[in-house]
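Secondary and tertiary structure notes
Listed below are the residues making up each chain.
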Amino acid sequence: MRAKPSRAVTTEEIEALRRDGAVLIKGVLTPEWVDVLAEGLDAAIAVPDTMTHDLGPELRSDQFPSAHSPALRRIVDESPVAEIAGRAAQSPVRFYMDQLFYKPQGHVPPTPWHQDTCYYNVEGHHLIRTWVSPDPVPRDASIEVVRGSHLWNVTYRSLAGRDPELDAEAREIQEKAVPGVPMLGVEAHQGWSYFSGVRDMSAPLVPDIEAHRDSYEILGWDFEPGDVLVFHAHILHGARGDITSDHARRAHALLWAGHDVRYLHRIGQIIPDPAGLYAHEPKTGQPLGDFPDVFPLAWAPGE
Ligand SMILES: O=C(O)CCC(=O)C(=O)O
């Protein structure tokens, strides 16, 4: 049984997500759910696993943390977050995967501008991110987006991953890649970081938004515990930083697949497919609804 949001998602919020590609939905999680979130993140942070990656000395990212943190699994299965994502996007949603982002107390590093789409073997307009934190995160350390860039018809090169021009082993993998055939399984990643995916060097580089902030319409928010930030995975986003914080910034980012999301094998896939998907040998173009055992419906209108 899934808990309900503290209040309804408004038509203005739905319109903001459609128009801008992102919206901060204020005060929709109860303090009890914020506590579950904190418990789940702390449990995952305490136990790094093979899908933990330090993107720098002060930024850690984990993939699929709800797979080993029961409280984070409750956020996925029982919290109102799925309904908030679905109502904001006006689509039924399936849970695709989750990530943890951890920046400890002290110097807060920025997160560089990027899209999420280039990292995953999926595509679709209704690929929706929810980002929640049990910590207050001021505008100068929280997520920012380039307004409207979710509608740009370009997929930029991922920022992280192995570089086929520099790495002989990566080049060998890229040469063997067959379109439509999953290349990188979790098992195949034994001993590798998840960022051992090969970067697609044919994709254009992310523009230097930070150096030209005045040329873009940038949206950002002061985030408070209980808020849910919802954005399109294709939108250009990052986080400001280079400030000092007296508390850690713990975040749980979930990826929800709406009605039009399909499997797309990307040569530049960086993050492995959810483990249960490999047995299905998915083909490019297959709707995720073809795999209900891996991606059960999390929320649909009428619930
Ligand atoms: O928390 C951050 O700084 C990065 C989050 C992010 O890039 C994401 O959720 O896609």
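Just above, that's the structure.
Residues numbered from 1 in each chain as written. Predicted model: local features only at pLDDT ≥ 70, side-chain atom pairs only at ≥ 80, totals over all residues. Heavy atoms only, no water.

Comments concerning the overall build of the protein
When its secondary structure is counted, the protein shows five helices and 16 strands. Its C-alpha radius of gyration of 18 Å places the protein within 12% of the 19 Å reference for a compact globule of 303 residues. When its C-alpha atoms are laid out on the principal axes, the protein stretches across 50 × 40 × 40 Å. Burial status across the protein gives 57% buried among its 303 residues. When contacts within the protein are restricted to residue pairs at least 6 apart in sequence, those whose partners lie at least 24 apart make up 85%. Put simply, the protein shows about 12,800 Å² of open surface, and 54% of that area lies on carbon and sulfur atoms. (Helix = DSSP H or I, 4+ residues; strand = E, 2+ residues; numbered from the N terminus. Rg over C-alpha atoms; globule rule 2.2 N^0.38 Å. Buried < 20%, exposed > 50% of the residue type's maximum accessible area, 1.4 Å probe, protein only. Contact = heavy atoms within 4.5 Å. Areas by Shrake-Rupley, 256 points an atom, 1.4 Å probe, with all protein chains shown as cover.)

Focus on the side chain of aspartate 227
You can see aspartate 227 is positioned in the loop between strand E10 (218-220) and strand E11 (228-232). At 2.6 Å, the side chain of aspartate 227 forms a polar contact with the side chain of lysine 26. A distance of 2.9 Å separates a polar atom in the side chain of aspartate 227 from the backbone nitrogen of glycine 27. Ignoring any residue separated from it by four or fewer positions in sequence, one finds aspartate 227 in contact with Leu24, Ile25, Lys26, Gly27, Val132 and Asp222. (Polar contact = N/O pair within 3.5 Å; in protein donor to acceptor, adjacent residues only side chain to side chain.)

What to know about the pairing of strand E4 (residues 93-103)
The side chains of a regular strand alternate between both faces of the sheet. Counting buried positions along E4 gives ten out of eleven residues, so the element sits mostly inside the fold. Looking at chain direction, E4 and strand E16 (residues 297-299) are connected through two bridges and run antiparallel. The residue of E16 that forms the bridge with arginine 94 is leucine 297. Here E4 pairs with strand E14 (residues 249-257) via nine bridges, running antiparallel. Bridge pairing in E14 places lysine 103 opposite arginine 249. (Pairing = 2+ DSSP bridges.)

So, the environment of phenylalanine 223
Tracing the chain through its elements places phenylalanine 223 in the loop between E10 and E11. The exposure class assigned to phenylalanine 223 is buried, which follows from its relative accessible area of 2%. Sequence spacing of phenylalanine 223 and proline 138 is 85 residues, and the spatial spacing of their C-alpha atoms is 6.0 Å. Setting aside anything within four residues of it in sequence, one finds phenylalanine 223 in contact with Leu24, Trp131, Val132, Ser133, Asp135, Pro136, Val137, Val228 and Leu229.

Notes on the packing of aromatic side chains
Summed over all chains, the structure comprises four aromatic pairs. Their ring planes at 90 degrees and their centres at 5.2 Å tell us that tryptophan 131 and phenylalanine 223 sit as a pair that is edge-to-face. A residue pair is termed long-range when its members are at least 10 positions apart, and tryptophan 131 in strand E8 (residues 127-132) and phenylalanine 223 in the loop between E10 and E11 qualify at 92 residues. Here the aromatic cluster, defined as three or more aromatic residues joined through ring pairs, consists of Tyr96, Tyr120 and Phe295. (Phe/Tyr/Trp six-rings, centres within 6.5 Å; stacked < 30°, edge-to-face > 60°.)

Quick look at the nonpolar core
Membership of the largest hydrophobic core comes to 35 residues, with the highest contact counts inside it found for Ile25, Leu29, Ile75, Ile84, Val228, Val230 and Trp256. Apart from the residues lying within four places of it in its own chain, the contact partners of isoleucine 84 are Pro5, Val9, Ile25, Val28, Leu29, Val228 and Val230. (Core = buried A, V, L, I, M, F, W, Y, C linked by side-chain atoms within 4.5 Å.)

Considering the side chain of serine 245
With respect to the helices, strands and loops of the structure, serine 245 is situated in strand E13 (residues 243-245). Engagement of the side chain of serine 245 in a polar contact is seen with the backbone oxygen of histidine 247, the distance being 2.7 Å. In this view, serine 245 contacts Gln105, Gly106 and Val108; residues no more than four positions away in its chain are not counted.

Re the site of the ligand
Near the ligand, the surroundings consist of 13 residues, among which Thr111, His114, Asp116, His237 and Arg249 are the closest. The side chain of tryptophan 131 places a nitrogen or oxygen atom 3.0 Å from an oxygen atom of the ligand. Within the side chain of arginine 249, a nitrogen or oxygen atom sits 2.9 Å from an oxygen atom of the ligand. Computed on the free molecule, the ligand has an accessible area of 290 Å², of which 99% lies beneath the protein chains in the complex. Elements with a contribution of two residues or more to the shell around the ligand: E4, strand E6 (111-114), E8, strand E12 (237-239) and E14. Of the residues contributing to the shell around the ligand, the split by class is six nonpolar, three polar and four charged. (Near = heavy atom within 4 Å. Nonpolar A, V, L, I, M, F, W, Y, C, P; charged D, E, K, R; others polar.)

Some remarks on the environment of isoleucine 143
With respect to the helices and strands, isoleucine 143 occurs in strand E9 (residues 143-146). The spatial distance from the C-alpha of isoleucine 143 to the C-alpha of threonine 111 is 8.4 Å, given a sequence separation of 32 residues. Ignoring any residue separated from it by four or fewer positions in sequence, one finds isoleucine 143 in contact with Trp131, Leu219, Gly220, Trp221, Leu229, Phe231, His237, Gly238, Ala239 and Arg249.

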